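Here's the letter readout for the chains.
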Amino acid sequence: MEAANRAAFNNLGSSTGIDVVSDFPMPKFVDREKNIRFKYFVYRKICMLKISLGFVVMPGGLGTIDELFEVLSFIQVYNTKKVPVVLVGTEFWSGLIEWLIHVKDNYGYIAKDELTTYIQTDNPKEIAAIFNSFYRDKIPSLNF
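Here's a quick rundown of the structure. In this text, all values refer to a predicted model and were calculated from it rather than measured experimentally.

Right, let's talk about the packing of helix α3 (residues 62–77) against helix α4 (residues 90–107) for a bit. The geometry of α3 relative to α4 is characterised by a closest axis approach of 13 Å and an angle of 45° between their N-to-C directions. One way to sum up the angle between α3 and α4 is to call them oblique. Every pair of crossing elements has a handedness; the one defined by α3 and α4 is right-handed. Facing α3, whose interface residues are Thr 64, Ile 65, Leu 68 and Phe 69, α4 presents Trp 93, Leu 96 and Leu 100. Taken together, the residues of the contact of α3 with α4 break down into six nonpolar, one polar and no charged.

Below is the structure:
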């Protein structure tokens, strides 16, 4: 999340933070008046899923992978509105994608269409085009 907040900050844009109250200070690249803090992590995740119009997932650690799978699971299991899910860093994500395909092909725990929920790219213009195309004929609406 810092990457998006930092990019907005560095380009005189605005960003909203959705974080958990902890011993860590509020992220410095988030607009102070737009920061939303939660006491419990689970509520943060639900809010993030409900208010987001799409997801651009940058390389990250276990927290990033956890949130990626949460998004993909909500879209699949809870019939959450389908929105763009873009994985940035094709080399970074390639091992995980190969593993998902292996699980689908060899164990059947993942349905074929579940692996079409996301798009991989390293091109910022393609990311913008994905969102523009997705929302071209739609009025964005929230999941609640």
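Having put the structure on the table, let's press on.
Take a nonpolar patch on the surface next. Together, Tyr 40, Val 42, Tyr 43 and Ile 46 line one region of the surface with nonpolar side chains, adding up to about 400 Å² of accessible area. Mapped onto the elements of the fold, Tyr 43 is located in helix α2 (residues 41–51). Overall, Tyr 43 belongs to the partly exposed group, its relative accessible area being 48%.

Below, the discussion takes up the sheet that holds strand β4 (residues 85–88). Read across the open sheet, the three strands follow the order β3-β4-β5; overall the sheet is parallel. At either end of the open sheet lies a strand with only one pairing partner, and these are β3 (55–57) and β5 (119–121). Here the strands of the sheet are splayed against their neighbours by 25° on average, with no regard to which way each runs. Pairing between β3 and β4: three bridges, direction parallel. Of the residues in β4, the one forming a bridge with Val 57 is Leu 87. Sheet strands in contact with α3 are β3 and β4, and its direction is about 155° off that of β4.

Quick notes on the rules
Residues numbered from 1 in each chain as written. Predicted model: local features only at pLDDT ≥ 70, side-chain atom pairs only at ≥ 80, totals over all residues. Heavy atoms only, no water. Axes fitted to C-alpha atoms, helices over the stretch in contact; angles between N-to-C directions. Helix = DSSP H or I, 4+ residues; strand = E, 2+ residues; numbered from the N terminus. Parallel < 35°, antiparallel > 145°, perpendicular 65-115°, else oblique. Left-handed = near helix turned anticlockwise from the far one by under 90°. Contact = heavy atoms within 4.5 Å. Nonpolar A, V, L, I, M, F, W, Y, C, P; charged D, E, K, R; others polar. Patch = residues over 30% accessible without salt bridge, like charges linked within 9 Å, V, L, I, M, F, W, Y side chains within 5 Å. Areas by Shrake-Rupley, 256 points an atom, 1.4 Å probe, with all protein chains shown as cover. Salt bridge = Lys/Arg side-chain N within 4 Å of Asp/Glu carboxyl O. Buried < 20%, exposed > 50% of the residue type's maximum accessible area, 1.4 Å probe, protein only. Pairing = 2+ DSSP bridges.

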